[in-house]
Amino acid sequence: MDRVRFLVNGVEHTVGCEISSDTSLLEYLRRWLELRGTKYMCQEGGCGACVVSVAKHPGAPTEAVNACLVSVTSCHGWEITTIEKVGNRLKGYHPLQKCLYENNGSQCGYCSPGWVMAMYSLLKKKKMTMLEIEKSLASNICRCTGYRPIIEAFKKFASDCPDPYPILDIEDLSICKKTGDVCSKTCDEYDWCVVSKEDVKQSSVIHIKLSDNRDWYRVEDISDVFRILDAHGTDSYMLVAGNTAKGAYPILEYPRLLIDISGVASLKGCFLDQNLVIGAGNTLTDLMEIFDRMSQTDYFKYLKTFNEHLHLVAHIPVKNIGTIAGNLMIKNRHNEFSSDVFLLFNAVGAELDILNDRGIVNRISMQHFLKENMQGKVILNVLLPPLNNEYKIVTYKIMPRAQNAHAIVHSGFVYKIDPYDKKVLDCRIVYGGLSPAFIRANRTERYLIGRRLFTNETLQGAINVLDNEMVVTEEPPQPSVEYRRKLALSLFYKGLMSLCPPELLGARYRSGAGRLRESRSLSDGKQIFDTNPSLWPLNQPLPKVDGLVQCAGEAKYTEDVPSIPKEVFAAFVLSTVALGTIQKIDASRALLEPGVVAFYSASDIPGQNSFTPGPSIAFMNDEELLCQKEVKYYNQPLGIIVAETQKVADKAVNFVKVTYTNVRKPVLDIKVAKSDPKRNKIYFAATATKTGVDIAKVFKGEGTMYGQYHFCMETLVCVTHPIEEGLKVYATTQWIDSVHKTVSRVLKIQQNKIEVTVRRLGGAYGFKISRPNQVAAACSLVSYKLNRPCRFIQSLKTNMRAVGKRLPSSNNYEVAVNSQGVIQYNNLELYEDNGYVVNEPLTLFGVDIYFNCYDKSSWNFKVYDTITDTTSNTWCRSPGTLENVANAEWLMERIAYEMNLDPLNVRLANLDTVNHEANITELLKTLKTNSQYDERKVDVDKFNSENRWKKRGLRHSFLRWSPLLSPFLEVNMSVYADDGTIVITHSGIEMGQGIDTKAVQTCAYYLKVPVEKIQIKSNDSVISPNAFVSGGSVTTQNVGIGIKKCCEELQKRLEPIKAKMDDPVWDDLIRKASESEVDLQVHATTGIADTQKYDIYGITLAEVEIDVLTGEWNIIRVDLIEDVGRSVNPEIDIGQVEGSFIMGMGYWTTEELKYDQDTGELLTDRSWSYKVPQARDIPQDFRIYFRKKSYSNDVILGAKATGEPATCMAVAVPIAMREAIVAARLENGLPSNQWFEIDGPYTVEKICLSCAIRKEDFKFY
Ligand SMILES: Cc1cc2nc3c(=O)[nH]c(=O)nc-3n(C[C@H](O)[C@H](O)[C@H](O)COP(=O)(O)OP(=O)(O)OC[C@H]3O[C@@H](n4cnc5c(N)ncnc54)[C@H](O)[C@@H]3O)c2cc1C
Ligand code: FES
Ligand code: FES
């Protein structure tokens, strides 16, 4: 039997019949080769954690690909480079790894190998400018850093960087003498010493009978495709080109026959006859190169526009393997898919050559292709027509974020215009994203032909025809019909404005012609803080101690625990109703599936069926590990499938049949639930101490914020190993003790037989406080039942569907103010959507923050715990405080709009003058100067008066944030006698916040030893029993307190020895102490009594610009000042502030959860549909200032918490957006004091709809 051969990091590997159809390159690298430096999360090309570099054949350019999308059997002849090869502790680290680390571009570090590999691949291809690099980073997501330090690090490798990273001495980036390319290899390596070209070639057809009984063929000749199809039939087959389409439409199970056509040369390249004929097997990267080249030639100049459009398609690694034909075939199978490739081809009336099994080539139009039955056929070529200069072409793509998203609506406009009278001679108007069938506006085209294009009459006439002929259908979770219809009209208008001769286009309208996102220039940032070298290593801006190993893929996470024999994999079976009674669970079909080992339901649990081990402040109620009878929400776990592989487990869960009775419609929306008394219970109330009588205006309102998925790059994972004493549990948790208790109670075995361990987390943000208990308990149950190691890797989809998120909340208020906007009374009620059960209450953290920094004396405040029929929601970065601060800030805004007052003055007039005014006004003074607020305010007003279709907003938000005191933690410190090195274990969990680095700095400061002498070790339930959760931004400081105590105790023990020596150096002192039998291991605990309360203050100024016609936005600049005290590590704290701000920004802009309102099913459950911000979404100019000369208290070394507060400050962004929207509404005569509510994030849809544009206003002059 044939085998597929390739190199991984220079070593040859072959695969054949032992592989199944669903074995991806990612799985092969991680599980077969144990190369676990390559990480993963989404498994659909959406996050970039899995990026590796490949050369597809000897001498081919090195390109990034998503290892999660590539079948390992597709890798024939490839040379694959993983993070392990790029740089490591043995051969030395690569400049990219070092630069990313030095720039603090890695926090939890889970995304870092993927970033390095993406950039490594880019650099291999060509030198790029800083802007090109920034635009090329759409393939990767980082949830921690907020991107700024990553961009900054990578820009140092740009051709135009004024401050380049020193790379001269690095062979990895030297220029190859043979090829002139940037190249990492020595010439010997370049010639493929292990697999030669000839080796790779072998026969032109490779056939492998895969382990799951599928046939894999690799062909080089198109005729072989038909020969194989003829032999096997066409009932169940797939042509595998890039295999990326499954990123758009997931494949649950591959068909019986798989034919790899990626090596078919006749499907590649291009040639010119009358048309430009492009092989359909070209990748999208090839296509861009062809467009780039051919756009230099007459008649194909329009390809420049196409090339620019393709920059907005997917991202580079997908384009490096995804092909033209593959993309078009998605459109063929799913007509609703917004294929950019189809759109562009349709715009110019391209045709396709389709080859059938009789060897006949049919030439068909794009329109025809939509309905073509492609069974047993191959797309050979696309034919692009020549178009002379009389043709003008414009295309648009509107996305929920700046890059790497499929279109909400996209369009192409082609006009042949008479150069003299500007009459339309010919035109094509095409759309995608409106409805599966409506792809071309024929009636509008006919209307335009013969008319002078750039007159208001033609424009209005065409708009009306278009509006009437458009067919726009609901396509959940895509935005509403109303928005997509508006977009279609707007894009038509924008297209014409962009072509309109400047002399015909009114000056105020010109703003509508531009492209907000694509024209955004290079981003920049400043981080201003003081550091006092006399205190170093305290207060020193040091990179993270584990940053380099993270950037090198050497840092270990839970799923990096190597596989051991007999390991099984598990996945939850989820309910498919939201409310109902389980009548029967039938797993018989699933158990028949090859590879399935077992099924467990609630009745198999030996102990308590609960993963919320209360009572505690987090857990007031039990939540079932597996639903026993009454289903509480859609996709509640009710069983566990155990299988030999994760893929089989994930697949087999769908074969478990569950019957329900009493199925009811769920209540999902907090806005509905809050008015049902049965669903609400008061949690906390505060009463006003006075009521003012100077009442100029009273107004009422309500505001609602919805959930946010934490989007950790590492999903919930657990690995359990039966050990001689009981069970070892590798968990992804912020709270070891909680997992420990849960497993013990669920399995009914003693805690001392269970060992829970955590090295670090790949992001957490609150997601891993309580929810990991469920996965850990399920995984432990499997190991307990089978006495086998188990690995439970929860997919992104299950993570999103089955697990709670940030609590939605909704408020009602009635406010009375005087003419200066000072609140006379405020009756404020807040309803918190806990999901189906109250655990982890939101306001626990926000009780003291409901009035932010304002005078609360006239505020009546009530908080209710509200129940909806959804997952039990869970704390998410700055829970409670974010919501309360936002409510207070929105209130200030509303007062300003209602009373026509300056919002800054309203805020100042309402400040708490006793407790907070001095701090806030001092920060404001600094920020106003640094940000040139007054001048920029004038500029914004001027901009808004001069531009009809673009508007700006410049607004502040204020912040007061006070951390909760945190209970029990442990610190152990040991000193080794032989070399004086120190090892520390502490109860804190390193999840990117830099707790280990700050612990090292604190220890080094007190003991006066170099930081290099100190090592932090992994945390577990043996050395750190009963410890409290890491969270609330305070664990780092509390660990610091414990370290200080340990150091003091150690110094006390060393003192008598030291006194007998003559000013000894550390190593000698320790040696002597050891000889004198001094116990060099110390231990300390910290608790609530050790800490002190303090307030953190901050002010943000955000400037945004919106495109009124589309709702797109750009954050022009953010200035943020935060009082972080005297930071232990300002570099790390800058990272915390930036990262948390961007997470908050995502919450307020792009991150939208959508549910099926009838069933309760989450529709935005993938990276494809839930969009977190990416590198080009962050503020273009992002300036962070730390308050000068700030100090909190000695107990925590003068520092203040930084992990969460800035999340709350991001509310400045929607507040500024609102100002821009108000400016747009003013143009329509809607007064600024007419309040309008926008619930949840300010998505492009909501911005555009709130601008209330009218098609009658679409004019040229
Ligand atoms: C993260 C991500 C983002 C994306 N963003 C966008 C976007 O913004 N805009 C957009 O338009 N697309 C987007 N896509 C889709 C992407 O362009 C397609 O996945 C890719 O082009 C498919 O090509 P492929 O070679 O990988 O197809 P494959 O997955 O290999 O194949 C897909 C289908 O095409 C069939 N097929 C392949 N070649 C031929 C042929 N020559 N003849 C007949 N049938 C054939 C196969 O049988 C299969 O059914 C995105 C995809 C991902 C994963
Ligand atoms: S895991 Fe491959 S892109 Fe997310
Ligand atoms: S550092 Fe990027 S996701 Fe954590």
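Keep in mind that what you see is a predicted model, and the values were worked out from it rather than measured.

**A short note on the pattern of salt bridges**
Part 1 of the reasoning: Taken as a whole and assessed by the stated rule, the structure comprises 100 salt bridges.
Part 2 of the reasoning: Overlapping salt bridges bring together R30, R31, E34, R36, K39, E559, D560, E567 and R791 as one network.

**With respect to the pairing of strand 41 (residues 1113–1122)**
Part 1 of the reasoning: Burial analysis of strand 41 places 10 of its 10 residues in the buried class, which makes it a mostly covered element.
Part 2 of the reasoning: Judged from the 9 bridges that link them, strand 40 (residues 1096–1107) and strand 41 form a sheet pairing that is antiparallel. From the neighbouring strand, G1098 faces strand 41, where its bridge partner is E1122.
Part 3 of the reasoning: The hairpin turn running from strand 40 into strand 41, its antiparallel successor, is 5 residues long, and G1111 in that turn takes a positive phi close to 85 degrees.
Part 4 of the reasoning: When strand 41 meets strand 42 (residues 1181–1186), the two strands line up parallel, connected through 6 bridges. Note on strand 42: the bridge partner recorded for I1121 is Y1185.
Part 5 of the reasoning: After leaving strand 41, the chain enters helix 34 (residues 1130–1149) and then returns to the sheet as strand 42, a path that is right-handed.

**Details of the nonpolar core**
Part 1 of the reasoning: Membership of the largest hydrophobic core comes to 229 residues, with the highest contact counts inside it found for F6, F154, Y415, Y431, F492, I640 and F1141.
Part 2 of the reasoning: No other element matches the 10 residues that helix 19 (residues 481–499) contributes to this core.

**Looking at the sheet that holds strand 9 (residues 257–260)**
Part 1 of the reasoning: Across the sheet, 4 strands lie side by side as 6-7-9-8; this open sheet has mixed pairing. Whereas interior strands pair on both sides, the edge strands pair on one side only; in this sheet they are strand 6 (206–209) and strand 8 (237–240). In this sheet, adjacent strand axes meet at a mean angle of 15 degrees when their direction is disregarded.
Part 2 of the reasoning: Looking at chain direction, strand 6 and strand 7 (residues 215–218) are connected through 4 bridges and run antiparallel. The residue bridging I208 from the neighbouring strand is W216, located in strand 7.
Part 3 of the reasoning: In the packing of helix 9 (residues 222–232) onto the sheet, contacts are made with strand 7, strand 8 and strand 9, and the angle to strand 9 comes to roughly 175 degrees.

**Some thoughts on the packing of helix 31 (residues 995–1007) against helix 32 (residues 1035–1060)**
Part 1 of the reasoning: Orientation of helix 31 relative to helix 32, taken along the N-to-C sense of each, is 30 degrees, at an axis distance of 9 Å. Classed by the angle they form, the pair helix 31 and helix 32 counts as roughly parallel. As helix 31 runs across helix 32, the sense of the crossing is right-handed. The residues of helix 32 that touch helix 31, namely those facing I995, K998, A999, T1002, C1003, Y1006 and L1007, are T1035, T1036, V1039, G1040, I1043, K1044, C1047, L1050 and Q1051.
Part 2 of the reasoning: Each residue belonging to the contact of helix 31 with helix 32 can be placed in one class, and the counts come to 9 nonpolar, 5 polar and 2 charged.

**Focus: empty space enclosed by the protein**
Part 1 of the reasoning: Scanning all chains against the criterion turns up 13 cavities of 30 Å³ or more.
Part 2 of the reasoning: The computed volume of the largest cavity comes to approximately 210 Å³.
Part 3 of the reasoning: Along its surface, the largest cavity is lined by 18 residues, and G703, N811, N887, W890 and E1237 are the ones closest to its centre.
Part 4 of the reasoning: Looking at the lining of the largest cavity element by element, the count peaks at 4 residues for strand 26 (residues 697–705).
Part 5 of the reasoning: Among the residues making up the lining of the largest cavity, the classes are represented as 9 nonpolar, 6 polar and 3 charged.

**Some remarks on the sheet that holds strand 40**
Part 1 of the reasoning: Strands sit in the order 18-42-41-40-34 across an open sheet of 5 strands; the sheet is mixed. The two strands at the open ends of the sheet, each matched to only one other strand, are strand 18 (524–528) and strand 34 (950–961). Mean inter-strand twist for the sheet, computed between neighbouring axes without regard to direction, equals 10 degrees.
Part 2 of the reasoning: Of the strand pairs in this sheet, strand 34 and strand 40 are connected by 12 bridges, and their pairing is antiparallel. Bridge pairing in strand 40 links S957 to T1100.
Part 3 of the reasoning: Contacts from helix 34 reach strand 18, strand 40, strand 41 and strand 42, with the element oriented near 130 degrees to strand 42.

**Let's talk about the confidence of the model for the protein chain**
Part 1 of the reasoning: For the protein chain, per-residue confidence averages 95 on the pLDDT scale, and residues scoring 70 or more make up 97% of the total.
Part 2 of the reasoning: Segment residues 174–200 is flagged for pLDDT under 50; beyond a separation of four residues in sequence, or across chains, it makes 47 contacts in the model.

**A word on the packing of aromatic side chains**
Part 1 of the reasoning: Within this structure, the stated rule accounts for 40 aromatic pairs.
Part 2 of the reasoning: Ring centres of F337 and W1168 lie 6.3 Å apart, and the angle between their planes is 25 degrees; on these two criteria the pair is classed as stacked. Here F337, found in the loop between helix 14 (324–333) and helix 15 (340–347), pairs with W1168, found in the loop between helix 34 and strand 42; they are 831 residues apart in sequence, far enough to count as distant.
Part 3 of the reasoning: F337 sits in the buried class, given a relative accessible area of 8%.
Part 4 of the reasoning: What makes W1168 partly exposed here is its relative accessible area of 26%.
Part 5 of the reasoning: Geometry around Y447 places R451 over its ring, the cationic atom sitting 3.8 Å from the centre.
Part 6 of the reasoning: The ring of F655 has R589 sitting right over it, with the charged end atom 4.0 Å from the ring centre.

Calculation notes
- Residues numbered from 1 in each chain as written.
- Chains lettered and ligands numbered in written order.
- Predicted model: local features only at pLDDT ≥ 70, side-chain atom pairs only at ≥ 80, totals over all residues.
- Heavy atoms only, no water.
- Salt bridge = Lys/Arg side-chain N within 4 Å of Asp/Glu carboxyl O.
- Buried < 20%, exposed > 50% of the residue type's maximum accessible area, 1.4 Å probe, protein only.
- Helix = DSSP H or I, 4+ residues; strand = E, 2+ residues; numbered from the N terminus.
- Pairing = 2+ DSSP bridges.
- Right-handed = clockwise from strand over helix to strand, strands pointing away.
- Core = buried A, V, L, I, M, F, W, Y, C linked by side-chain atoms within 4.5 Å.
- Axes fitted to C-alpha atoms, helices over the stretch in contact; angles between N-to-C directions.
- Contact = heavy atoms within 4.5 Å.
- Parallel < 35°, antiparallel > 145°, perpendicular 65-115°, else oblique.
- Left-handed = near helix turned anticlockwise from the far one by under 90°.
- Nonpolar A, V, L, I, M, F, W, Y, C, P; charged D, E, K, R; others polar.
- 1 Å grid on protein atoms, 1.4 Å probe; cavity = no way out; pocket = protein on both sides within 12 Å on 5 of 7 lines; lining within 4 Å.
- Points joined across faces, edges and corners; volume = space filled by probe spheres on them.
- pLDDT = per-residue confidence, 0-100.
- Phe/Tyr/Trp six-rings, centres within 6.5 Å; stacked < 30°, edge-to-face > 60°.
- Lys NZ or Arg CZ within 6 Å of the ring centre and 35° of its normal.

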